[in-house]
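Chain and residue survey
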Amino acid sequence: MKTGIFFHYQKGERLKDFPQALDGILEKENLFLYDAFYPSKPPSSFDLDPVPTDLLYQVHSPEVVEEVKRTGNFEGALLSATGTVRAAEKIWAGEIDNAFVFTGYGDHHAGTDFFGGGCYFNGAAIAIRELRKRFEAKRFSIIDTDAHHGDGTWEIFEKDPDVFYACFCGNPVREENNKVNIHVPSRVTDEVYLEVFRKTILARLRAFRPEILFWNWGYDGTKGEYGDIGLTPEVHISLTRELRKLAEEISQGRLIIVLCGGSRRDLARFLIPRMIGVLVDSR
Ligand SMILES: [Zn+2]
Ligand SMILES: [Zn+2]
């Protein structure tokens with residue numbers, strides 16, 4: 001497997017140890033780092049150019065784009081979405097098989113006409129619309145294990161049966177048009193969580209056969225986090241293994257992990273290098 005890492009420098013605590021925390025992994029033969037330095041770095045060292053602003057309008061209304069500009073977070077939000085879009089393009093082109101996207105801002109609370117909860121632009125949605133526009137791509141899946149409901153992603157693809165979206169959160173069970181909400185209790189063990197995960201979506205994903213599998217990965221449900229539902233850090237490693245294996249089976253190994261919620265720096269430092277290790281190592 002060839003793995004791409006998409007990274008840009010950003011404000012805030014949680015990713016302060018990166019990219020240094022990837023030392024020891026970046027030397028691996030099949031690992032490629034695409035980085036953009038934010039907010040300023042000599043143009044010659046940009047590998048990851050921000051996507052053109054037009055792409056945003058494939059998903060978001062012009063009003064929302066203008067509002068995001070007024071928050072002062074436009075550049076960081078654009079680079080966050082850029083990582084996901086470029087990951088999808090490079091996977092489609094066969095340059096890489098799977099990817100981990102570092103984001104400054106998540107994407108699942110960003111919808112057509114709204115944004116919030118630290119999400120401004122919906123990177124996965126933009127990537128899907130862009131691949132469909134430029135290539136023959138059609139069917140995609142998004143698995144969302146952030147602790148909160150992905151209201152933006154749900155709204156954007158509500159009427160689109162060619163996107164299978166599975167959201168694991170505290171909201172009630174709901175299903176329509178290949179969008180499923182899987183209720184997760186407010187306290188769970190890793191075992192129960194993994195059991196729910198396996199029982200509810202594995203068969204569905206095997207039947208759906210997406211061309212690319214996106215994983216909106218949040219670690220905010222981990223013990224001690226702001227969305228704590230009792231999960232331990234290990235559950236994220238187990239999920240990475242399961243989704244990598246599943247992607248090999250159903251989507252030619254094409255898997256994009258998009259960082260969503262989570263705030264603790266120690267957890268980011270512990271989890272992300274290990275998850276990338278799972279992506280890149282062939283078993
Ligand atoms: Zn969240
Ligand atoms: Zn949900």
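These numbers were taken from a predicted model, which means no experiment stands behind them. (Residues numbered from 1 in each chain as written. Chains lettered and ligands numbered in written order. Predicted model: local features only at pLDDT ≥ 70, side-chain atom pairs only at ≥ 80, totals over all residues. Heavy atoms only, no water.)

Looking at the overall build of the protein
Rules: Numbering of helices and strands runs from the N terminus; a helix is a DSSP stretch of H or I covering at least four residues, while a strand is a stretch of E covering at least two. The globule rule used here is 2.2 Å times the number of residues to the 0.38 power, and the radius of gyration it is set against is calculated over C-alpha atoms. The rule is simple: take the accessible area with a 1.4 Å probe, protein chains only, and divide by the maximum for that residue type; under 20% is buried, over 50% is exposed, in between is partly exposed. By definition in these notes, contact holds between two residues if any of their heavy atoms fall within 4.5 Å. Positive charge is attributed to Lys and Arg, negative charge to Asp and Glu, and no charge count is given to His or to the chain ends. The location of each charge is read from NZ of Lys, CZ of Arg, CG of Asp or CD of Glu.
Scanning the protein for helices and strands turns up seven helices and nine strands. Taking 2.2 N^0.38 as the reference for a compact globule, 283 residues should give roughly 19 Å; the C-alpha atoms of the protein span a radius of gyration of 17 Å, in line with that estimate. In terms of overall dimensions, the protein has C-alpha extents of about 50 × 45 × 35 Å along its principal axes. Counting over 283 residues, the protein shows a buried share of 58%. In the protein, of all internal contacts separated by at least 6 residues, the share reaching a separation of at least 24 is 73%. One way to put it: in the protein the 35 positive side-chain charges average out to a point 3 Å from where the 42 negative ones average out.

Examining the coordination of the zinc ion (ligand 1)
The line we're drawing: Only nitrogen, oxygen and sulfur atoms qualify as donors, and only when within 2.8 Å of the metal (3.2 Å in the case of Na, K and Ca); with water excluded, sites may look incomplete. Between 85 and 135 degrees for all angles marks four donors as tetrahedral; over 155 degrees for opposite donors together with 65 to 115 for all other angles marks four donors as square planar and six as octahedral; every other arrangement is irregular.
Around the zinc ion (ligand 1), the donor atoms from the protein are Asp-146 (OD), Asp-146 (OD), His-148 (ND1) and Asp-220 (OD), and they sit 1.9 to 2.8 Å away. Geometry at the zinc ion (ligand 1) is irregular, judged from the four donor atoms that bind it and their angles of 52 to 159° at the metal. Spacing between the donor residues of the zinc ion (ligand 1) along their common chain follows D-x1-H-x71-D. Highlighted residues: His-148 in the loop between β4 (140–144) and α4 (151–157) and Asp-220 in the loop between β8 (212–217) and α6 (234–250), separated in sequence by 72 residues.

What to know about the coordination of the zinc ion (ligand 2)
Each protein donor to the zinc ion (ligand 2) is listed here as His-149 (ND1), Cys-167 (SG), Cys-169 (SG) and Asn-181 (OD1); together their distances run 2.1 to 2.3 Å. Each donor residue of the zinc ion (ligand 2) belongs to the same chain, and together they define the spacing H-x17-C-x1-C-x11-N. With Cys-167 in strand β5 (residues 163–169) and Asn-181 in strand β7 (residues 179–183), the pair connects residues that are 14 residues apart, well separated along the chain. The pair Cys-167 / Asn-181 is uniform in exposure class, with both members buried.

Regarding the nonpolar core
Generally speaking, a soluble globular protein has its nonpolar side chains buried in company with each other. To keep things clear, this is the line we draw: What is meant by a nonpolar core is a set of buried Ala, Val, Leu, Ile, Met, Phe, Trp, Tyr and Cys residues, joined one to another through side-chain atoms within 4.5 Å.
In this structure, Phe-100, Phe-102, Ile-143, Trp-217 and Ile-272 are the most contacted members of the largest nonpolar core, which totals 49 residues. Looking at this core, the elements that each hand over two or more residues are β1 (3–8), β5, β7, α5 (190–208), β8, α6, β9 (255–259) and α7 (265–280). It is α7 that provides the largest number of residues to this core, a total of nine residues. Not counting residues up to four positions away in its chain, the partners in contact with Trp-217 are Phe-100, Thr-145, His-236, Ile-257, Val-258, Leu-259, Cys-260, Gly-261, Leu-271, Ile-272 and Met-275.

Re the packing of aromatic side chains
Our working rule: Whether two aromatic rings pair depends on their centres lying within 6.5 Å, for rings of Phe, Tyr and Trp, where Trp uses its six-membered ring; planes under 30 degrees apart make the pair stacked, over 60 edge-to-face, and the rest tilted.
Within this structure, the stated rule accounts for 17 aromatic pairs. Pairing Phe-100 with Phe-102 gives two aromatic rings, centres 5.0 Å apart and planes at 65°, and the pair type is edge-to-face. The residues Phe-100 and Phe-102 share a single accessibility class, namely buried. For the pair Phe-168 and Phe-197, a centre-to-centre distance of 5.6 Å together with 35° between the ring planes defines the contact as tilted. One end of the pair, Phe-168, is in strand β5; the other, Phe-197, is in helix α5, with 29 residues separating them in the sequence.

Things to note about the pairing of β5
Defined as follows: By definition, two strands form a pair when at least two bridges between them are found by DSSP. Throughout, right-handed denotes a crossover for which the path from the first strand over the helix to the second runs clockwise when the strands point away from the viewer.
A large share of β5 lies buried, amounting to seven of its seven residues. Side chains Val-163, Tyr-165, Cys-167 and Cys-169 of β5 all project onto a buried face; the interleaved residues Phe-164, Ala-166 and Phe-168 project onto the opposite face, where all are buried too. Pairing geometry for β4 and β5, over five bridges, is parallel. Counted as the bridge partner of Ile-143 is Ala-166 from β5. You can see the chain leave β4, run along α4 and come back into β5, and the turn it takes is right-handed. By the bridge criterion, five bridges tie β5 to β7 in an arrangement that is parallel. What sits directly across from Phe-168, in β7, is Ile-182.

With respect to the sheet that holds strand β6 (residues 174–176)
Definition in use: Only the stretch in contact is used when a helix axis is fitted, and all axes are lines through C-alpha atoms; the angle between N-to-C directions ranges over 0 to 180 degrees.
Here we have nine strands laid out as an open sheet, ordered β2-β1-β3-β9-β8-β4-β5-β7-β6, and mixed in their pairing. Two strands bound the open sheet, and with one partner strand each, they are β2 (31–36) and β6. Sheet twist, expressed as the average angle between the axes of neighbouring strands with direction ignored, equals 15°. Relative to strand β3 (residues 98–101), β1 runs parallel, the two being bridged by four bridges. Along β3, the bridge assignment pairs Phe-6 with Val-101.

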